[in-house]
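Single-letter residue listing:
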Amino acid sequence: MADQIKKLVVYYSLNGNTAFIAKTIAEAIQADVLVLQSKKMMPSSTILKLLWAGKQVFTKEKPELLAFEKNPAEYDLIFLGTPVWAGSYASALRTFFATVALQHKNIALFCCYGGSEGNAFQKMKEALAGNTFSGDMGFRAPLKNAEANAQKAREWAKMIQEKVL
Ligand SMILES: Cc1cc2nc3c(=O)[nH]c(=O)nc-3n(C[C@H](O)[C@H](O)[C@H](O)COP(=O)(O)O)c2cc1C
């Protein structure tokens, strides 16, 4: 049965935490993956990366993204993940929401954060009105406690999958 629904994990990650959770989820439920990647080269130093991301937040930028390798419209269940930026989702998701008009999908949201989830889920739900939300889960600094967070991600993803079937 689980093989009959098409599953996709969509994510953006600046420093690898959201990527780690996204890949763990995809592996646990055998989902395809779509990585949102900025067209502009990201700086490699930590401080420049932070300034680069901070500027995107404060200008409410919609950074241009590389062409999507998967079409979310073809999937039944979509996991969507982001790092929390200034209490909301990362700027790449703003571009994603403006590019792909998802409707009538089962969507599960996840985020990675350093301190708190802020309003990330609420803001994502507003941007995704017209879909069904199957659940949401936050992960605090997952790479600092990788195995516990991977376990949490696997269990959550399987629970969501069961719920949607
Ligand atoms: C520009 C920027 C803004 C951030 N704002 C928040 C925030 O408001 N709350 C929070 O808990 N963490 C915040 N963080 C920390 C990230 O959410 C956290 O480190 C996350 O795990 C990073 O995920 P990633 O490695 O996938 O990029 C921010 C990080 C950046 C770069």
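My aim in this report is to walk through the structure given alongside it, one point at a time. Please read all numbers here as calculations on a predicted model, not as lab measurements.

**A few points about the site of the ligand**
Then step 1. The local shell around the ligand holds 19 residues, among which S13, N17, T18, V84 and G115 are the closest.
Then step 2. Between the ligand and C112 there is a distance of 3.3 Å, counted from an oxygen atom to a backbone nitrogen or oxygen.
Then step 3. Residue S116 places a main-chain N or O atom 2.9 Å away from an oxygen atom belonging to the ligand.
Then step 4. Calculation on the ligand without its partners gives an accessible area of 650 Å², and the protein chains cover 79% of this total.
Then step 5. Elements represented by at least two residues in the shell around the ligand include exactly α1 (17-29), α2 (46-58), β3 (77-85) and β5 (106-113).

**Considering the packing of aromatic side chains**
Then step 1. Counting across every chain of the model gives six aromatic pairs.
Then step 2. Each ring, one from Y12 and one from W85, has its centre 5.8 Å from the other, and the planes form 85 degrees; the classification is edge-to-face. Here the residue Y12 occupies a position in the loop between β1 (7-11) and α1, and W85 occupies one in strand β3, the gap between them amounting to 73 residues.
Then step 3. By relative accessible area, which is 4% here, Y12 ends up buried.
Then step 4. You can call W85 buried: its relative accessible area is 10%.
Then step 5. Plain terms: the ring middles of F110 and W156 are 6.4 Å apart, the flat faces sit at 70 degrees to each other, and that makes the pair edge-to-face. Residue F110 is located in strand β5, and its partner W156 is located in helix α5 (residues 146-164); the two are separated by 46 residues in the primary sequence.
Then step 6. Ring pairing ties together the aromatic residues F68, Y89, F96 and F97, which thus form one cluster.
Then step 7. Cation over ring: K6 sits above Y75, and NZ or CZ is 4.6 Å from the ring centre.
Then step 8. Sitting over the face of the ring of F133, K125 holds its NZ or CZ atom 5.9 Å from the ring centroid.

What counts as what
Residues numbered from 1 in each chain as written. Predicted model: local features only at pLDDT ≥ 70, side-chain atom pairs only at ≥ 80, totals over all residues. Heavy atoms only, no water. Near = heavy atom within 4 Å. Polar contact = N/O pair within 3.5 Å; in protein donor to acceptor, adjacent residues only side chain to side chain. Areas by Shrake-Rupley, 256 points an atom, 1.4 Å probe, with all protein chains shown as cover. Helix = DSSP H or I, 4+ residues; strand = E, 2+ residues; numbered from the N terminus. Phe/Tyr/Trp six-rings, centres within 6.5 Å; stacked < 30°, edge-to-face > 60°. Buried < 20%, exposed > 50% of the residue type's maximum accessible area, 1.4 Å probe, protein only. Lys NZ or Arg CZ within 6 Å of the ring centre and 35° of its normal.

Read these as geometric descriptors, not functional statements.
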